[in-house]
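# Observations on the three-dimensional arrangement
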Amino acid sequence: MALIIQNGDIPYEDALGPKYAEIEKTWSLPPAEMRPALGLKENRAWFPLHRRYLREHRPSTLIVWGPQDHYMPETSARAYLRDLPDAELHLLDGGHWLLETHLDDVVGLVRPFLERLRPPGS
């Protein structure tokens, strides 16, 4: 089991960026209006479960992150290290859409990570 994490929703509420507050404003809307507007409120209920999984299982993890992400900045990427201290963290010069802007750089990190996970002789 291994994880590759790239500027995704994170289970650390204290490490969210300032733009995440805009998302949270939609949570005061009635459910019928909130769902089309965003519908992410339910995700936050899972955060403690995500943290527990990471802490208990500590899967091999590669974190590639664009720190110029106003929803999930560099502090968000580093927050994963609380429960995954052995994770491999790479901060690239990009933002939330890192795969669209830095695909070659990300692939250059993902391939060697996956190769290291490959069982010998396979």
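Scroll up to find the structure this text is about.
So, a few notes on the structure that sits alongside this text. (Residues numbered from 1 in each chain as written. Predicted model: local features only at pLDDT ≥ 70, side-chain atom pairs only at ≥ 80, totals over all residues. Heavy atoms only, no water.)

## Thoughts on unusual backbone geometry
Stated precisely, the cut-off is as follows: Helix and strand definitions follow DSSP, with helices as H or I runs of at least four residues and strands as E runs of at least two, each counted in order from the N terminus. Between buried and exposed lies partly exposed: a residue is buried under 20% and exposed over 50% of the maximum accessible area for its type, with that area taken using a 1.4 Å probe on protein chains only.
We note that Asn-7 has phi near 40 degrees; this positive angle belongs to a residue other than glycine. Secondary-structure assignment places Asn-7 in the loop between β1 (2–6) and α1 (20–25). Residue Asn-7 is classed as buried on the basis of its relative accessible area of 3%. Here Arg-58, not a glycine, exhibits a phi torsion of approximately 40 degrees, which is positive.

## Observations concerning the side chain of Thr-61
The following threshold applies: As used in this structure description, the phrase polar contact means that two N or O atoms lie within 3.5 Å; if the pair is within protein, one of them must be able to donate a hydrogen and the other to accept it, and residues adjacent in sequence are counted only when both atoms belong to side chains. Any pair of residues with heavy atoms lying within 4.5 Å of one another is described as a contacting pair.
Residue position: Thr-61 is located in strand β2 (residues 60–65). Overall, Thr-61 belongs to the buried group, its relative accessible area being 3%. In this structure the side chain of Thr-61 is engaged in a polar contact, spanning 2.8 Å, whose partner is the backbone oxygen of Pro-59. Apart from the residues within four sequence positions on either side, Thr-61 is in contact with Leu-3, Ile-5, Leu-84, Ala-87, Glu-88 and Phe-113.

## Some thoughts on the nonpolar core
Nonpolar side chains in soluble globular proteins tend to be buried together. Formally: Residues belong to a common nonpolar core when they are buried Ala, Val, Leu, Ile, Met, Phe, Trp, Tyr or Cys residues joined through side-chain atoms within 4.5 Å.
Counting 17 residues, the largest nonpolar core has Ile-10, Tyr-12, Ile-63, Trp-65 and Tyr-80 as its most contacted members. The set of elements that each furnish at least two residues to this core consists of α1, β2 and α4 (74–79). Excluding anything up to four places from it in sequence, Tyr-80 contacts Ile-5, Gly-8, Asp-9, Ile-10, Pro-11, Tyr-12, Leu-54, Ile-63 and Trp-65. Val-64, Leu-98, Leu-109 and Val-110 belong to the second-largest nonpolar core, a separate cluster that totals 8 residues.

## Digging into the pattern of salt bridges
The condition is simple: Salt bridges are counted wherever a side-chain nitrogen of Lys or Arg sits within 4 Å of a carboxyl oxygen of Asp or Glu.
Summed over all chains, the structure comprises 7 salt bridges. Glu-13 is paired through a salt bridge with Arg-51; the nearest N and O atoms lie 3.0 Å apart. Of this pair, Glu-13 sits in the loop between β1 and α1 while Arg-51 is found in helix α3 (residues 41–57), placing the two residues 38 residues apart along the sequence. Residues Glu-115 and Arg-118 are paired through a salt bridge, measuring 3.5 Å at the closest nitrogen-oxygen approach.

## Some details on the environment of Asp-86
Along the chain, Asp-86 turns up in the loop between α4 and β3 (88–91). Separated by 76 residues in sequence, Asp-86 and Ile-10 place their C-alpha atoms 17 Å apart.

## With respect to the sheet that holds β1
By way of backbone hydrogen bonds, the strands of a sheet pair with one another, either parallel or antiparallel. Rules: At least two bridges found by DSSP between two strands is the condition for calling them paired. Note on geometry: axes are lines fitted to C-alpha atoms, helical ones only across the stretch in contact, with angles between N-to-C directions running from 0 to 180 degrees.
Ordered by their spatial adjacency, 3 strands build an open sheet running β1-β2-β3, and the pairing between neighbours is parallel. Edge positions in the open sheet fall to β1 and β3, since each of these has one partner strand only. Mean inter-strand twist for the sheet, computed between neighbouring axes without regard to direction, equals 10 degrees. Bridge count for β2 against β3 is 4 bridges, and the pairing is parallel. Along β3, the bridge assignment pairs Val-64 with His-90. Across the sheet, helix α6 (residues 103–117) touches β1, β2 and β3, and the angle it forms with β2 is around 175 degrees.

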